[in-house]
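Given next are the chains, with one letter for each unit.
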Amino acid sequence: MGTAKIDRALVAETALRLLNEVGFDGLSLRAIAKELDVKAPALYWHFKDKQGLLDEMATLMYRRLAADFDLSVYTRWQDGLVAYNAGLRTTLLRYRDGAKVYSGARFTGTDHAASMEQHLRMMTGAGFELRQAVLAGMTTYAYTIGYVIEEQGVRPMPDEQREGYDIGERARRLAEYPLTAAAGQEIFADFDRRFEEGLRVIVGGIEATYGTPV
């Protein structure tokens, strides 16, 4: 085994790279140790269990998202919410099972506080109460995470589709249910358009519910 010095960042980076090969279920500390050419116990100096590693991986994913996104360029809160969640989806899709890794993770630093503060200032500045601003953010976030989990269930990677999701074959099997058969085109294709349209529906609902200014 090698004796190269490792740290949390290197382990998390290696884990994200390996994730694209083996997926969420195949990712283990033992597999990562093999990739780093060290013995598995060496990783326990940095992470006590797999969840700790997932937290660090999600934090690294978030930092990459934050580096590419600036909420301050949006003058309308509606556009800011849509753009942020679109950016989150793009980040998650870079990794096999990226949404599973990100969902429920606890960020290991305070990096997220700056963008959260920016989001809350944008929303409260538009007339939302703090409670409403938090709910709006969490609702759109939950939609994005759930959407990508389902999307990656069909397409683990953007250029890869799981067997059994051919739209034409599905339509033939469900021919006696014509509306259900036709719905396959809407359910299993054009993920980009459906994501943004669904997100706009939610944002419109937030606006209609709270009656905030446009």
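Residues numbered from 1 in each chain as written. Predicted model: local features only at pLDDT ≥ 70, side-chain atom pairs only at ≥ 80, totals over all residues. Heavy atoms only, no water.

Take the overall build of the protein next. For the protein, the helix and strand inventory stands at 10 helices and zero strands. Of the regular secondary structure in the protein, the N- to C-terminal order runs α-α-α-α-α-α-α-α-α-α. Scored against the burial criterion, the 214 residues of the protein give a buried share of 41%. For the protein, the share of sequence-separated contacts (at least 6 apart) that also reach a separation of at least 24 residues comes to 70%. Counting only carbon and sulfur atoms, one obtains 55% of the accessible surface of the protein, whose full area is about 11900 Å². Looking at the protein, you have 26 positive and 30 negative side-chain charges, and the mean spots of the two groups are 4 Å apart. (Helix = DSSP H or I, 4+ residues; strand = E, 2+ residues; numbered from the N terminus. Buried < 20%, exposed > 50% of the residue type's maximum accessible area, 1.4 Å probe, protein only. Contact = heavy atoms within 4.5 Å. Areas by Shrake-Rupley, 256 points an atom, 1.4 Å probe, with all protein chains shown as cover. Lys, Arg positive; Asp, Glu negative; His and termini not counted. Charge placed at Lys NZ, Arg CZ, Asp CG, Glu CD.)

What UniProt calls "DNA-binding region" (unreviewed entry) maps, in this numbering, to residues 28–47. With 40% helix and 0% strand, residues 28–47 has its two end C-alpha atoms placed 12 Å apart. (UniProt positions renumbered as here; feature names shortened; annotations may be inferred.)

Turning our eyes to something else, we now look at helix H10 (residues 191–210). Given 3.6 residues per turn, any residue in an α-helix points the same way as the ones three and four places further on. Here H10 is 20 residues long and its end C-alpha atoms lie 29 Å apart, about the 28 Å a rise of 1.5 Å per residue gives. Those residues of H10 not exposed but buried are Phe-191, Arg-194, Phe-195, Gly-198, Leu-199, Val-203 and Ile-206. Down the axis, H10 shows its buried residues gathered within 165° of arc, on one side only. Relative to its buried face, H10 has exposed residues pointing more than 90 degrees away, namely Val-201 and Ala-208. (Expected span 1.5 Å × (residues − 1). Arc of directions from axis to C-beta.)

A few words on the packing of aromatic side chains. Evaluation of the coordinates by the stated rule reveals 12 aromatic pairs. Between Tyr-143 and Tyr-147, the ring centres sit 5.8 Å apart and the planes meet at 45°, which makes this aromatic pair tilted. With Tyr-143 and Tyr-147 both in helix H7 (residues 130–154) and four residues apart, the pair spans about one turn of that helix. In this structure Tyr-143 comes out as buried when scored by relative accessible area, which is 18%. Its guanidinium or amino end placed over the ring of Phe-24, Lys-50 lies 4.7 Å from that ring's centre, counting from NZ or CZ. (Phe/Tyr/Trp six-rings, centres within 6.5 Å; stacked < 30°, edge-to-face > 60°. Lys NZ or Arg CZ within 6 Å of the ring centre and 35° of its normal.)

A contiguous nonpolar patch, built from Leu-130, Val-134 and Met-138 and spanning about 270 Å² of accessible area, is present on the exposed surface. Within the element layout of this structure, Leu-130 appears in helix H7. (Patch = residues over 30% accessible without salt bridge, like charges linked within 9 Å, V, L, I, M, F, W, Y side chains within 5 Å. Salt bridge = Lys/Arg side-chain N within 4 Å of Asp/Glu carboxyl O.)

It is worth spelling out the packing of helix H1 (residues 8–26) against helix H2 (residues 29–36) at this point. The geometry of H1 relative to H2 is characterised by a closest axis approach of 9 Å and an angle of 125° between their N-to-C directions. When the axis of H1 is compared with that of H2, the two are oblique. The handedness of the crossing between H1 and H2 is right-handed. Each of Leu-10, Val-11, Thr-14, Ala-15, Arg-17, Leu-18 and Gly-26 in H1 lies in contact with H2, whose residues at this interface are Ala-31, Ile-32, Glu-35 and Leu-36. Split into classes, the residues belonging to the contact of H1 with H2 amount to seven nonpolar, two polar and two charged. (Axes fitted to C-alpha atoms, helices over the stretch in contact; angles between N-to-C directions. Parallel < 35°, antiparallel > 145°, perpendicular 65-115°, else oblique. Left-handed = near helix turned anticlockwise from the far one by under 90°. Nonpolar A, V, L, I, M, F, W, Y, C, P; charged D, E, K, R; others polar.)

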